[in-house]
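# A structural walkthrough
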Amino acid sequence: MLPETDCAEIAAPEIAPAETAFDVTVARLRACRICRDAPLYGAPLPQEPRPIVQGLASARLCVASQAPGNRADQSGIPFMDPSGTRLRDWLGLDEAAFYDARRLAIVPMGACFPGYDAKGGDKPPRRECAHRWRTELFAGLPKLELILVIGQYAQAWHLGRSKAGLTDTVRRWREVLGSPGTPRVLPLPHPSWRNSGWLKANPWFETELLPVLKAEVARAMAPR
């Protein structure tokens, strides 16, 4: 992890009676400018950082995603794009439920839009972000029951790196979901429309995994 001094300029406010540790971490994250002002991995972020994260300490379900896209960066709302439409369909949630921060947290590997690569695709999430903030964010979500790890970067963080790749990791979803410990983890591919070919080549994802995913999400989101 990066030393605390890398964000020394971000003062930790005192926790008010109604404020949780997660709220404080999110506030500090939203003020963070490491990737622009003190980058450790590559060139500085070329645009003004706009960290995007969702959640409250009461959340029981977490979408551990990759990084906000350009549309999210413009709106400040995660997954408010075609990828989000597909993801909500996978989860069986409407927008109201998906954006209910009391029940569902969204914690990306990189909280800011990383920009585009030479081929017009999104760059990988900034590594500084996960190293500095991820452990602290999850420490503030003590009620999580299920983490949906989307894409190779989140899967490497939560499950360890696999030489076999994303397809093998997602194909082993029963083994991963059934592993001991809490919160439980379920690996998913990224819902980007760029992955339509992958979904067509792996029909088991829709026929076998999605029904279980919807049931697990409904269980985690159910009123208590």
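Bear in mind that the values here come from a model prediction, so they are computed numbers and not experimental data.

What counts and what doesn't
Each chain carries its own residue numbering, running from 1 in the written order of its sequence. With pLDDT at 70 or above as the cut-off, local features in this predicted model cover only qualifying residues; side-chain atom pairs require 80 or more to be listed or tallied, and sums for whole chains, interfaces and linings still use all residues. In computing side-chain values, all of the structure's heavy atoms are included and hydrogens and water are not. For this analysis, a ring pair means two rings from Phe, Tyr or Trp (six-membered ring only for Trp) whose centres lie within 6.5 Å, classed as stacked if their planes differ by under 30 degrees, edge-to-face if by over 60, and tilted for the remaining angles. Think of it this way: any DSSP run of H or I at least four residues long counts as a helix, any run of E at least two long counts as a strand, and we number them from the N terminus. Using a 1.4 Å probe on the protein chains alone, a residue whose accessible area is under 20% of its type maximum counts as buried, one over 50% counts as exposed, and one in between counts as partly exposed. Two limits define a charge over a ring: the Lys NZ or Arg CZ must be within 6 Å of the ring centre, and within 35 degrees of the ring normal. A score between 0 and 100, pLDDT records how confident the predictor is in each residue. In what follows, a contact means two residues having at least one pair of non-hydrogen atoms within 4.5 Å. Two strands are counted as paired when DSSP detects at least two bridges linking them. Angles here are taken between N-to-C directions and fall from 0 to 180 degrees, while the axes themselves are lines fitted to C-alpha atoms, restricted in helices to the stretch in contact. Helix span, as expected, comes to 1.5 Å for every residue beyond the first. Bend is the name given here to the angle between axes fitted to two runs of seven residues, the run ending at a residue and the run starting at it.

### Some thoughts on the packing of aromatic side chains
How two aromatic rings sit relative to each other is given by the distance of their centres and the angle of their planes. According to the stated counting rule, one finds six aromatic pairs in the structure shown. Aromatic side chains Trp 90 and Phe 205 sit 4.9 Å apart centroid to centroid with 65° between the ring planes, which places their arrangement in the edge-to-face category. Placement of the pair is Trp 90 in helix α4 (residues 82-91) and Phe 205 in helix α11 (residues 204-221), with a sequence separation of 115 residues. Here Trp 90 and Phe 205 have matching classes, each one buried. A network of ring pairs unites the aromatic residues Trp 90, Trp 198, Trp 204 and Phe 205 as a single cluster. Here the basic side chain of Arg 86 rests over the ring of Trp 193, its NZ or CZ set 3.7 Å away from the ring centre.

### Let's talk about the confidence of the model for the chain
For residues with low pLDDT, the predicted coordinates do not support detailed interpretation. Model confidence for the chain is summarised by a mean pLDDT of 92, while 92% of its residues fall at 70 or above. Scored below 50 in pLDDT, residues 1-5 shows eleven contacts in the model against residues more than four places distant or in partner chains.

### Regarding the sheet that holds strand β2 (residues 104-106)
A sheet is described by the order of its strands in space; here four strands give the open sequence β2-β1-β3-β4, paired in parallel fashion. Unpaired on one side and paired on the other, β2 and β4 (184-188) mark the two borders of the sheet. Across this sheet, the average inter-strand angle for adjacent strands is 20°, counted without regard to direction. As paired strands, strand β1 (residues 61-64) and β2 are joined by three bridges and run parallel to one another. Across the sheet, residue Val 63 finds its bridge partner in β2, namely Ile 106. Seen against the sheet, α11 touches β1, β2, β3 (146-150) and β4 and runs at an angle of roughly 140° to β4.

### Comments concerning helix α6 (residues 127-139)
End to end, α6 covers 19 Å across 13 residues, agreeing with the expected 18 Å (1.5 Å per residue, within 8%). The largest bend along α6 reaches roughly 45° and is located at Trp 133. When α6 is considered as a whole, its buried residues turn out to be Glu 128, Cys 129, Ala 130, Arg 132, Trp 133, Arg 134, Leu 137 and Phe 138. Elements in contact with the buried residues of α6: α1 (21-30), α2 (34-37), β1, β3 and α7 (151-159).

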